[in-house]
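Survey of secondary and tertiary structure
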Amino acid sequence: MSMRPFLRNQDSPYWNRYYETMPRRQLDELHLHRIRAVLQHAYDHTSFYRRKLDEAGVLPGDIRSLQDFKRKVPLMDKDEFIMLQEERPIYGETLAVDPDFIAQHCETSGTTGIPLRIPYTGYDTERYGEAWACAFWWLGVRPKDRFYFAFNWGPFAGFWSCYWGVRRLGATVIPGGGQNSEGHIRMIQRLKPTVLICTPTYALHLAEVGRAMGVDTASLGLRFTFHAGEPGPCAIPAMRRQIEEAWGARSGELLGLAEVHAFAPSCPTQEGVHVDETGCFTWSRDPETGDEVPPDKIGENIITTYVNNAQPLINYRTHDLVERHNECACGRTWAFLKGVVLGRTDFMVTIRGTNVYQSAVENIIGHIEGLSTHYELVLTRVSGMDRICVRAEPVPQVPADQYDQLAHTAAGRIHEAIKVRLEVELVAPGTLPRYELKTRRIIDQRPKEVRRVLDRV
Ligand SMILES: [Zn+2]
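Residues numbered from 1 in each chain as written. Predicted model: local features only at pLDDT ≥ 70, side-chain atom pairs only at ≥ 80, totals over all residues. Heavy atoms only, no water.

With respect to the coordination of the zinc ion
In this structure, C267 (SG), H274 (NE2), C328 (SG) and C330 (SG) serve as the protein donors to the zinc ion, at separations of 2.1 to 2.3 Å. Coordination geometry of the zinc ion: the 4 donor atoms subtend angles of 102 to 115° at the metal centre, consistent with an arrangement described as tetrahedral. You can call C328 buried: its relative accessible area is 14%. (Donors = N, O, S within 2.8 Å, 3.2 Å for Na, K, Ca; no water. Tetrahedral: all angles 85-135°; square planar, octahedral: opposite > 155°, others 65-115°. Buried < 20%, exposed > 50% of the residue type's maximum accessible area, 1.4 Å probe, protein only.)

What follows is the structure in structure tokens.
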């Protein structure tokens, strides 16, 4: 038998029109069916879920509606899984398949010290890849494209699952590991890829390095840049402008959680992401009251994955604050998370009684003309009070004698938006550290005992 040609309509904006435009009622029926299957799988194959559900007095067969599921099935948290893995290495009591079926091991890049270990079956890797392929397609990437991966391969899941996606799409993979930024620029010049894969801040850094080498990165022939791992072009409009200008390419991003799913590709409108409702079920919860948050309001994203059979995650807390909409201008029916992630339930500092979310400050900085997207928040404690200093880099065009004025403007805008005065300090372009993987935005200089866990920013 000969190989079938690639039959997908190359002009269609949809990767899978049938599912992407499925009416909500039908999607919900599908969710209930899949949730029951996942619960049964977890209950039958892990002592952890069996204990958890027995304690809550609920059996998989008791779940007759999505409401039942949200109300009766207990929430899970990352720390719980890390603890179980520490108690019984490698994967603890949550492994739901025979170890022979594990096709790949990855780890989350948390800063808490202990990584979460993530096993994937071959099927799981296929499904992660499917979500990435869908994300690429929506942006306009096609099988004829050539991907350049500007990073070193390690246990970080984001890039592996991205790689599975490029394979699924049928495009070309060019791994760029084992070299520095200058090396990346030269390799891009030599091999002429059309898609750049890296974190958004690294894309900006790489463009700076290119400029210093006298290379016009906007005319290297890239058609797209694609990002994950940090708030990217759909979360921060200023960052999108900078990346797209620097590379002469259209930017997209994917919101994912290594242990859960590559669950939300960016919408073609570039204003947010859509939840892959064939791969997971999500709902929003008020972190204070625990009640479900209705559409168009902000709440914590709670997720159940259908695509991690090796280590099922059910009613899993993401600690990400999202604004969920049931409609989007692009016509897709999958839940739309406007602005991607708007804050973290646990990355918050209380300043004079007001909760200050890191991403809220980031969003404001992203809208101030003259500021770049390189910034950090320095936390200190003076006379028992927490203080935040925003240390930011202006764009190179701003003369040094205007820094004071710009800092003043920035402080004013922050005060206007979040009702708290924060100190703003501007430093020369190129001063703040650049990171290849997760950018560290919060520098916590408070005494150890008052620090919160600063993870996954
Ligand atoms: Zn959309």
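Here's the deal with empty space enclosed by the protein
All told, the structure shown has 6 cavities of 30 Å³ or more when counted by the stated rule. What the largest cavity holds in volume is close to 80 Å³. Taken together, T201, H374, Y375, E376, L432, P433, R434, Y435, T439, R440 and R441 make up the lining of the largest cavity. The element contributing the most residues to the lining of the largest cavity is strand β17 (residues 371–382), with 3 residues. Its residues placed into classes, the lining of the largest cavity shows 4 nonpolar, 3 polar and 4 charged. Its volume calculated, the second largest cavity comes out at about 60 Å³. Along its surface, the second largest cavity is lined by 10 residues, and E230, P231, E362, T439 and R441 are the ones closest to its centre. Taken together, the residues of the lining of the second largest cavity sort by class into 4 nonpolar, 3 polar and 3 charged. Mapping the lining of the second largest cavity onto the domain boundaries places at least three of its residues in each of domain 1 (7–266) and domain 2 (348–450). (1 Å grid on protein atoms, 1.4 Å probe; cavity = no way out; pocket = protein on both sides within 12 Å on 5 of 7 lines; lining within 4 Å. Points joined across faces, edges and corners; volume = space filled by probe spheres on them. Helix = DSSP H or I, 4+ residues; strand = E, 2+ residues; numbered from the N terminus. Nonpolar A, V, L, I, M, F, W, Y, C, P; charged D, E, K, R; others polar. Domains from an automatic or database assignment.)

Focus on the layout of surface pockets
Considering only enclosed or pocket space, the second largest pocket measures out at about 540 Å³ in volume. Residue lining of the second largest pocket: 25 residues in total, with Q242, E245, V395, P396 and Q397 positioned closest to the centre. Listed by contribution, the elements that provide at least two residues to the lining of the second largest pocket are α9 (200–212), α10 (237–247), β17 and β18 (385–394). If one sorts the elements of the lining of the second largest pocket by residue count, α10 sits on top with 5 residues. Tallied by class, residues from the lining of the second largest pocket come to 10 nonpolar, 8 polar and 7 charged.

A closer look at the nonpolar core
By size, the foremost hydrophobic cluster in this structure holds 101 residues, and its most contacted members are F136, F147, L169, L196, I197, W247 and Y316. Counting residues per element, this core draws most heavily on helix α6 (residues 122–139), which supplies 10 residues. Leaving out residues up to four positions away in the same chain, I197 has contacts with F136, F147, Y148, F149, A150, F159, C162 and F226. Listed in part, the 27 residues of the second largest apolar core include I351, L377, Y403 and I414. (Core = buried A, V, L, I, M, F, W, Y, C linked by side-chain atoms within 4.5 Å. Contact = heavy atoms within 4.5 Å.)

Quick look at the packing of α9 against α10
The N-to-C vectors of α9 and α10 enclose an angle of 40°; their axes lie 10 Å apart at closest approach. Relative to α10, α9 is oriented oblique. Along this stretch, α9 crosses α10, giving a crossing that reads as left-handed. In this structure, α9 contributes P200, T201, A203, L204, L206 and A207 to the contact, and α10 contributes M239, Q242, I243, A246 and W247. Of the residues in the contact of α9 with α10, the class split is 9 nonpolar, 2 polar and no charged. (Axes fitted to C-alpha atoms, helices over the stretch in contact; angles between N-to-C directions. Parallel < 35°, antiparallel > 145°, perpendicular 65-115°, else oblique. Left-handed = near helix turned anticlockwise from the far one by under 90°.)

Some points on the domain arrangement of the protein
Domain boundaries assigned for the protein yield domain 1 (7–266) and domain 2 (348–450). Computed from C-alpha atoms alone, the centre-to-centre distance between domain 1 and domain 2 is 29 Å. Listed as interface residues are 22 residues of domain 1 and, on the opposing side, 15 residues of domain 2. In total, about 1500 Å² of surface goes out of reach between domain 1 and domain 2, with carbon and sulfur atoms giving 54% of it. When the area that domain 1 buries against domain 2 is broken down by residue, the three leading residues are T201, I236 and Q242, summing to 24%. Across the salt bridge formed by E208 and R434, the nearest N and O atoms sit 3.1 Å from each other. Counting every contact that joins domain 1 to domain 2 gives 1 residue pair in polar contact (both at pLDDT 80 or more). Mapped onto the side of domain 1 that touches domain 2, the elements with two or more residues apiece are α9 and α10. In terms of residue class, the side of domain 1 that touches domain 2 is built from 12 nonpolar, 7 polar and 3 charged. (Buried area = accessible area lost by both parts, 1.4 Å probe. Salt bridge = Lys/Arg side-chain N within 4 Å of Asp/Glu carboxyl O. Polar contact = N/O pair within 3.5 Å; in protein donor to acceptor, adjacent residues only side chain to side chain.)

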